[in-house]
Amino acid sequence: MKKIINDPADVVTESLRGLAAAHADILRVQEDPNVVVRADAPVDGKVAVISGGGSGHEPLHGGFVGVGMLDAAVPGAVFTSPTPDAVQAAISATTGAAGALLIVKNYTGDVLNFETAGELAAAEDLEVRSVVIDDDVAVADSTYTAGRRGVGGTVLLEKIAGAAAERGDSLDAVEALARKVIGQVRSIGVALTAPTVPHVGEPSFDLGADEIEFGIGIHGEPGRERIKAEPADELVARMVGAVVEDLPFTEGDRVLLFTNSMGATPLVELYLAHGIAERLLADRGIMVERRLVGPYITSLEMQGISLTLLKLDDELTELWDAPVNTAALRWKA
Amino acid sequence: MGCTPEGVANALRGAAAVIAEHRAELIELDRAIGDGDHGENMNRGFQAVVAALDSALPETPGGVLKLAATTLISKVGGAAGPLYGTAFLRASTVVSNQPELGAAEVVAALRAGLEGVRARGKAVEGDKTMVDALLPAVAAAEKAGGGDVAAVLSAAAEGAATGAESTVDLVARKGRASYLGERSAGHLDPGARSTSLLLAAFAEAAR
């Protein structure tokens, strides 16, 4: 393993110090437990939007802290959900009378730890609600598994819920919007290589040189099947098909298409894949009205991409377009 | 061993040593069907438990178990933190403020721990999780309940070892491994293995 690190145990904390140094105008970092907080938090009268999860998925979630998106992010150890006391620290640093919405990805550890934190916050008379995002179509949502995972759709959900909170929506309204987004966003991911977790020191799984894991989650853990490597046209068609047929998205739908790099796939391949996906969606009569392309929810240095489709309406489009100022996502109206 | 605060603390120290010794093995088991962090997370948590016990030893066995619970919840993360944390928390509650535990209390604590894990993780027997080690452990402990603490814990450890071994053939239906479906069969469940290691360490300390 070759990485630009010191002691594997210090990777997250040292990285957060760098994040704070680079973006002091946007956010600040509290240590022990580690929490990334909006520079101007707590914002009076505003619903706090909080998310978190294992580290190693940067810029998720710390890179999305700032005006128009998250009030706080709770980074756990690499690929390990944060502990309830860390979530509670994020709630304390950002939450007032307007309450807080916790955005939780559907992974067993995240759900359990955020659930416990929510109970602790309720005991302090803070109004905290949670939504669980489960946009991954690779996994059958059955009672016999932990259910669909939260993957790329998390980024879009954080942006839209954050914009709603920023414009002054109530906790009820922000929560309802979040549930609406969760209902109409779907994703699929593929891996070409495995990531190496610093404290493990070897790749998370074994994948042959000519193999692709189809339907991965954000830790590289598998979903549907292992396939032979194939040209981008065929691979992207397989991905678009899986996403479109799930909701299903139909002719005339307006969508946001998010093409994400899992860390090591370069932009040349990412744009190539995005172009194919846009063409395939146009062929189906699905209108791509907004786009996001880049490494936004990654798995360390894993090669691979994910595709996410969100069905848009006027309100969601307006919230997507609303100003945002974070380390990783920044635009004006 | 008397099941005093010192005795329970020593058992936890022993457990921490065993987890440290098997850290790489747990990582490897988890790498096969999860994401490879179980050994690291458990080791971080139990080292923190030892540090907490070194700085202040609670006055009752229940207090020691509670300190272990809150430390595990705040240091482990992942799914293992809340699950093991809940197990120790429920175990501590059921023995309340008694100064020393007998065999019956130890059995009750094990049963409470199992129920806590089941409530928090919603896993049932055969899901390929730590429940598959804990359930036979508690059954064996209840059977040996007429004996002393050492006999109870040693029965529990044997039950857990057999239960953990049984997870090899199972297809995972909970947690990270469930995404592998049929491909999860043929691998020992890391959570069941760590449960078995912990109970073996407790049994060893009671001997």
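Residues numbered from 1 in each chain as written. Chains lettered and ligands numbered in written order. Predicted model: local features only at pLDDT ≥ 70, side-chain atom pairs only at ≥ 80, totals over all residues. Heavy atoms only, no water.

- For chain B, an unreviewed UniProt entry supplies the name Dihydroxyacetone kinase and the organism Amycolatopsis methanolica 239.

- By the naming in an unreviewed UniProt entry, chain A is Dihydroxyacetone kinase, taken from Amycolatopsis methanolica 239.

Observations concerning the overall build of chain B
Okay, step 1: For chain B, the count of helices and strands is nine helices and zero strands.
Okay, step 2: Each helix and strand of chain B, ordered N terminal to C terminal, gives the series α-α-α-α-α-α-α-α-α.
Okay, step 3: The globule rule puts the C-alpha radius of gyration for 207 residues at 17 Å, and the 16 Å found for chain B is close to it.
Okay, step 4: For chain B, the spread of C-alpha atoms along the principal axes amounts to about 50 × 35 × 30 Å.
Okay, step 5: Long-range contacts, defined as pairs at least 24 residues apart, comprise 68% of the intrachain contacts of chain B with a sequence gap of at least 6.
Okay, step 6: Here chain B displays about 7500 Å² of accessible surface, and carbon together with sulfur accounts for 56% of that area. (Helix = DSSP H or I, 4+ residues; strand = E, 2+ residues; numbered from the N terminus. Rg over C-alpha atoms; globule rule 2.2 N^0.38 Å. Contact = heavy atoms within 4.5 Å. Areas by Shrake-Rupley, 256 points an atom, 1.4 Å probe, with all protein chains shown as cover.)

Considerations on the pairing of strand β7 (residues 128-133) of chain A
Residues and elements named next belong to chain A.
Okay, step 1: Where strand β6 (residues 100-105) meets β7, six bridges bridge the pair, whose relative direction is parallel. Directly across from V104, in β7, lies its bridge partner V132.
Okay, step 2: You can see the chain leave β6, run along helix α3 (residues 108-123) and come back into β7, and the turn it takes is right-handed. (Pairing = 2+ DSSP bridges. Right-handed = clockwise from strand over helix to strand, strands pointing away.)

Re the interface of chain A and chain B
Okay, step 1: Taken together, the contact between chain A and chain B spans 39 residues of the former and 29 residues of the latter.
Okay, step 2: Each partner contributes to the roughly 2600 Å² buried at the junction of chain A and chain B, and carbon and sulfur atoms together form 50% of this total.
Okay, step 3: Of all residues in chain A, T80, L112 and H199 of chain A give up the largest surface area on contact with chain B, accounting jointly for 19% of the area buried on that side.
Okay, step 4: Linking chain A with chain B are five salt bridges.
Okay, step 5: Of the charged contacts in the structure, one is a salt bridge between R31 of chain B and E202 of chain A, with a shortest N-O distance of 4.0 Å.
Okay, step 6: At seven residues, α3 of chain A tops the list of elements feeding residues into the side of chain A that touches chain B.
Okay, step 7: Partitioning the side of chain A that touches chain B into residue classes produces twelve nonpolar, 15 polar and twelve charged. (Buried area = accessible area lost by both parts, 1.4 Å probe. Salt bridge = Lys/Arg side-chain N within 4 Å of Asp/Glu carboxyl O. Nonpolar A, V, L, I, M, F, W, Y, C, P; charged D, E, K, R; others polar.)

Quick look at the packing of helix α2 (residues 23-33) of chain B against helix α3 (residues 38-55) of chain B
Residue and element names in this part refer to chain B.
Okay, step 1: Two numbers describe how α2 lies on α3: the axes approach to 6 Å, and their chain directions differ by 140 degrees. Regarding the angle of α2 to α3, the classification is oblique. Contacts between α2 and α3 involve R23, L26, I27 and D30 from the first element and H38, G39, E40 and N43 from the second. (Axes fitted to C-alpha atoms, helices over the stretch in contact; angles between N-to-C directions. Parallel < 35°, antiparallel > 145°, perpendicular 65-115°, else oblique.)

Points about the UniProt feature "domain: DhaL" (unreviewed entry) in chain B
Okay, step 1: Mapped onto this numbering, the UniProt entry gives "domain: DhaL" (unreviewed entry) at residues 6-204 of chain B.
Okay, step 2: Annotated as residues 6-204 of chain B, this span is 71% helix and 0% strand, and its ends, taken at the C-alpha atoms, are 15 Å apart. (UniProt positions renumbered as here; feature names shortened; annotations may be inferred.)

Notes on the packing of aromatic side chains
Okay, step 1: For the structure shown, the criterion picks out four aromatic pairs over all chains.
Okay, step 2: Both rings, one in W320 of chain A and one in W331 of chain A, keep their centres 5.3 Å apart while their planes meet at 55 degrees; by these two values the pair is tilted. Linking W320 of chain A in helix α8 (residues 314-321) with W331 of chain A in strand β15 (residues 330-331), this pair joins segments that are eleven residues apart in sequence.
Okay, step 3: Since its relative accessible area comes to 2%, W320 of chain A is described here as buried.
Okay, step 4: Over the ring of Y179 of chain B we find R149 of chain A; its NZ or CZ atom is 4.4 Å from the centre of that ring.
Okay, step 5: Its end group placed over the ring of F214 of chain A, R238 of chain A keeps NZ or CZ at 5.8 Å from the ring centre. (Phe/Tyr/Trp six-rings, centres within 6.5 Å; stacked < 30°, edge-to-face > 60°. Buried < 20%, exposed > 50% of the residue type's maximum accessible area, 1.4 Å probe, protein only. Lys NZ or Arg CZ within 6 Å of the ring centre and 35° of its normal.)

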